[in-house]
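Commentary on secondary and tertiary structure
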Amino acid sequence: MKITDAYVIVTCPARNFVTLKIRTDEGVYGIGDATLNGRELAVASYLTDHVIPCLIGRDPHDIEDIWQYLYKGAYWRRGPVTMSAIAAVDTALWDIKAKVAGLPLYQLLGGKSRNGVMVYAHANGQTVGDALDQVQHYVDLGYKAIRIQAGVPGLKGVYGVAKGINYEPATRGLPAESAWSTEAYLDFAPTLFAAARDRFGWDLHLLHDVHHRLTPIEAARLGKSLEPYRLFWMEDPTPAENQESFRLIRQHTTTPLAVGEVFNSIWDAKDLIQNQLIDYIRTTVVHAGGISHLRRIANLADLYQIRTGSHGATDLSPVCMGAALHFDLWVPNFGIQERMVHEDVTNSVFPHAYTFDQGYMHPGEAPGHGVDIDETEAAKYPYQPAYLPVARLTDGTLWSW
Ligand SMILES: O=C(O)C(=O)C[C@H](O)[C@H](O)CO
Ligand SMILES: [Mg+2]
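Residues numbered from 1 in each chain as written. Chains lettered and ligands numbered in written order. Predicted model: local features only at pLDDT ≥ 70, side-chain atom pairs only at ≥ 80, totals over all residues. Heavy atoms only, no water.

**Remarks on the nonpolar core**
Short version of the rule: Take the buried residues of types Ala, Val, Leu, Ile, Met, Phe, Trp, Tyr and Cys, join any two whose side-chain atoms come within 4.5 Å, and each joined set is a nonpolar core. Summary of the burial criterion: residues with accessible area below 20% of their type's maximum are buried, those above 50% are exposed, and those between are partly exposed, where the area comes from a 1.4 Å probe applied to protein chains only. Note on contacts: a residue pair qualifies if any of its non-hydrogen atoms lie within 4.5 Å across the two residues.
Ranked by size, the top nonpolar core spans 120 residues in total, and within it I22, L47 and V89 carry the most contacts. With near-sequence residues (within four places) excluded, I22 lies in contact with I3, D5, A6, V28, Y29, G30, L55, V89, A92, L93 and I96. Of all hydrophobic cores here, the second largest spans nine residues; its members include Y120, A145, L207 and A258.

Structure representation (structure tokens):
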């Protein structure tokens, strides 16, 4: 079997997505997500100009060799652009292999380890009351786990709080600016979760994303102050370039820690995992080198009883979600999967086999990863430049968004 051609499809049904399609001489094709929010065209070019020429004529079954060729062969290793491009190739090749076998992808990974994949929803609101009303909405839909974000009194445009119904951080035009005050946030956050436990009791997993904004000692304080509300996790409490900094947080709190949505390789997570400084690893199929590399990260994490909790915001396309659900159904040390529901127009471009029922998702039984792209529909939605916001402290200092 040979790869005959491959191309990149950039489309904007509600938001931008980059998809790689690989075709073979036997008529079977595979697709992979290559979306990197706010930097989409860099990955599209990396694939079109540098990767695709190296794929033509290769046997698509040689997934591992092609992965190593693209990783070691570039000489320039790692980084979100490189690893998203490799991920797209890897996902498309697993799709092809599973289609040829006539099996859903999870069967090739080793079969199912559970009946369904627990997912968490996003509840948010400008006020505590609005946020908790959204929690109720997701409880009514059957979700067992819900992330809560709310506006901080006195701050405009806080991360995770939607202007409309669904939260979408990327905006058209140049990056939007939001304000941040750690002092206001640290005083406010525990009151949000006290109110949530008060209203919903204890039979619900609650999650929260700090989105890289605290110093380690501030994160330690937040973790301690959230302990009474028994969070499933506190996510990205501090930027994780310095993996060692999590030791300080860990020394002070038993609130479980989740990190890794911006990581792109096992090396970003190695110290955090081996020193047991986190509880959940959030690396994804699309940004961390595809299924082949995610499997390595999960296997390392398993040695230390660290579980997976993959990123699943709307900027990860349905193709990533489909692949992730196959991975989640198999991976022995599964924890949870994030789910932000895509718009109907997005789903019309990406028909898929995955389903949701009472808080659990299933990848479906279609051969491959079960997600396709309708290229005629995709062509109706041309690329729209958009950026993620930046954050500044109230005195104007640029901060981590
Ligand atoms: O879903 C999350 O946990 C996020 O932090 C979402 C990110 O801000 C988003 O995916 C960035 O593109
Ligand atoms: Mg996050």
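**Quick word on the coordination of the magnesium ion (ligand 2)**
The criterion, for reference: Keep in mind that water is not among the atoms, so a site may look incomplete; donors are the N, O and S atoms within 2.8 Å of the metal, or 3.2 Å for Na, K and Ca. Strands are runs of DSSP state E lasting at least two residues, helices are runs of H or I lasting at least four, and both sets are numbered from the N terminus onward.
Here the magnesium ion (ligand 2) is held by D209 (OD), E235 (OE) and E261 (OE), and the distances to it run 1.9 to 2.3 Å. Taken in sequence order, the residues that donate to the magnesium ion (ligand 2) follow the motif D-x25-E-x25-E. Here E261 lies in the loop between strand 10 (257–259) and helix 9 (266–274) and E235 lies in strand 9 (residues 233–235), a separation of 26 residues in the sequence. Taking the relative accessible area as the measure of exposure, E235 reaches 0% and is therefore buried.

**Focus: the site of ligand 1**
What counts here: Nearness is defined per residue: one heavy atom within 4 Å of the molecule or strand is enough. Polar contacts, as used here, are pairs of N or O atoms within 3.5 Å; protein pairs need one atom able to donate a hydrogen and one able to accept it. Residues neighboring in sequence count only if both atoms are side-chain atoms. Areas reported as accessible are Shrake-Rupley estimates using a 1.4 Å probe. Residue values count occlusion only from the protein chains shown. Three classes are used, and their members are as follows: Ala, Val, Leu, Ile, Met, Phe, Trp, Tyr, Cys and Pro are nonpolar, Asp, Glu, Lys and Arg are charged, and the others, Gly among them, are polar.
Around ligand 1, a shell composed of 15 residues is seen, among which N37, H211, E261, D315 and E338 lie nearest. Within the side chain of N37, an N or O atom sits 2.9 Å from an oxygen atom of ligand 1. When ligand 1 sits alone it has 330 Å² of accessible area, and the protein chains cover 94% of it. For the shell around ligand 1, a count of residues per class yields four nonpolar, four polar and seven charged.

**Quick word on the side chain of Q337**
Examined against the element boundaries, Q337 turns out to sit in strand 13 (residues 334–338). Engagement of the side chain of Q337 in a polar contact is seen with the backbone oxygen of S310, the distance being 3.4 Å. Apart from residues lying up to four places away in sequence, Q337 is in contact with V117, M118, V119, Y120, S310, H311, G312, M321, A324, L325 and D328.

**Let's talk about unusual backbone geometry**
The backbone of A14 sits at a positive phi, close to 85°, despite the residue not being glycine. Looking at the element boundaries, A14 is found in the loop between strand 1 (3–11) and strand 2 (17–24). In the Ramachandran plot, H212 falls in the positive-phi region, its phi being about 65° despite a non-glycine side chain. Classification of H212 by relative accessible area gives buried; the value is 13%.

**A word on the packing of helix 3 (residues 80–101) against helix 10 (residues 290–302)**
Definition in use: To define axes, lines are fitted to C-alpha atoms, for helices over the stretch in contact only, and angles between the resulting N-to-C directions are given on a 0 to 180 degree scale. An angle below 35 degrees is treated as roughly parallel, one above 145 as roughly antiparallel, one from 65 to 115 as roughly perpendicular, and anything else as oblique.
In the contact formed by helix 3 and helix 10, the axes pass within 6 Å of each other and the chain directions differ by 105°. Here helix 3 lies roughly perpendicular to helix 10, going by the angle between them. Where helix 3 approaches helix 10, its residues M83, A87, D90, T91 and W94 are matched on the opposing element by G290, I291, S292, H293 and R295. Residue composition of the contact of helix 3 with helix 10, by class: four nonpolar, four polar and two charged.

**A word on the sheet that holds strand 2**
Pairing between sheet strands relies on hydrogen bonds along the backbone, with the strands arranged either parallel or antiparallel. So the rule is basically this: In this analysis, strands are considered paired if DSSP registers two or more bridges between them.
Spatial strand order, 1-2-3: three strands in an open sheet with antiparallel pairing. Where the open sheet ends on each side, the last strands, each with one partner, are strand 1 and strand 3 (29–33). Within the sheet, the average angular offset between the axes of one strand and its neighbour, ignoring direction, is 20°. Across five bridges, the pairing between strand 2 and strand 3 is antiparallel. Residue pairing for strand 3: R23 is matched across the bridge by Y29. Running over the sheet, helix 1 (residues 40–55) touches strand 1 and strand 2 and is turned about 175° from strand 1.

**Re the pattern of salt bridges**
The cut-off we apply is this: We count a salt bridge whenever a side-chain nitrogen from Lys or Arg sits within 4 Å of a carboxyl oxygen from Asp or Glu.
Within the structure shown, the criterion is met by 17 salt bridges. Put simply, E235, E261, R282 and E338 are held in one network by salt bridges that share partners.

**Description of the confidence of the model for the protein chain**
We count it as follows: Confidence of the predictor at the level of single residues is captured by pLDDT, which takes values from 0 to 100.
On average, the protein chain scores 97 in pLDDT, and the residues at 70 or more come to 100%. Taken element by element, the predicted model of the protein chain shows its lowest mean pLDDT in strand 6 (residues 171–172) (90) and its highest in strand 3 (99).

**Here we look at the pairing of strand 17 (residues 390–393)**
Relative to strand 17, strand 7 (residues 177–180) runs parallel, the two sharing four bridges. Of the residues in strand 17, the one forming a bridge with W180 is L393. Across two bridges, strand 17 lies against strand 18 (residues 398–399) in antiparallel orientation. Looking at the pairing, A391 lines up with W399 of strand 18. Counting the residues that bridge the hairpin from strand 17 to strand 18 gives four residues, and of these G396 lies at a positive phi of roughly 100°.

**A few points about the packing of aromatic side chains**
Threshold: What counts as a ring pair is set by centres within 6.5 Å for rings of Phe, Tyr and Trp (its six-membered ring), and what kind of pair is set by the plane angle: stacked under 30 degrees, edge-to-face over 60, tilted for all other angles. Remark: a charge is flagged as sitting over a ring if the NZ atom of Lys or the CZ atom of Arg is within 6 Å of the ring centre and within 35 degrees of the ring normal.
Tallied over the full model, the rule gives 13 aromatic pairs. Centre to centre, the rings of Y75 and W76 are 4.9 Å apart; their planes meet at 75°, and the pair counts as edge-to-face. This pair shows no difference in class: Y75 is exposed, exactly as W76 is. Within the aromatic cluster, the residues linked to one another by ring pairs are Y120, F232, W233 and Y280. Lying across the ring of Y29, K99 places its NZ or CZ 4.1 Å from the centre.

**Re the sheet that holds strand 17**
Spatial ordering of the open sheet is given by 7-17-18, a layout of three strands whose pairing is mixed. For this open sheet the edge positions go to strand 7 and strand 18, each flanked by a neighbour on one side alone.

**Here's the deal with helix 7 (residues 216–226)**
The condition is simple: The directions from the helix axis to the C-beta atoms form the arc being described.
Taken as a whole, helix 7 has its buried residues at A219, A220, L222, G223 and L226. The buried residues of helix 7 occupy one face: seen down the axis, they fall within an arc of 165°. Contact partners of the buried residues in helix 7: helix 6 (182–200), strand 9 and helix 8 (246–252).

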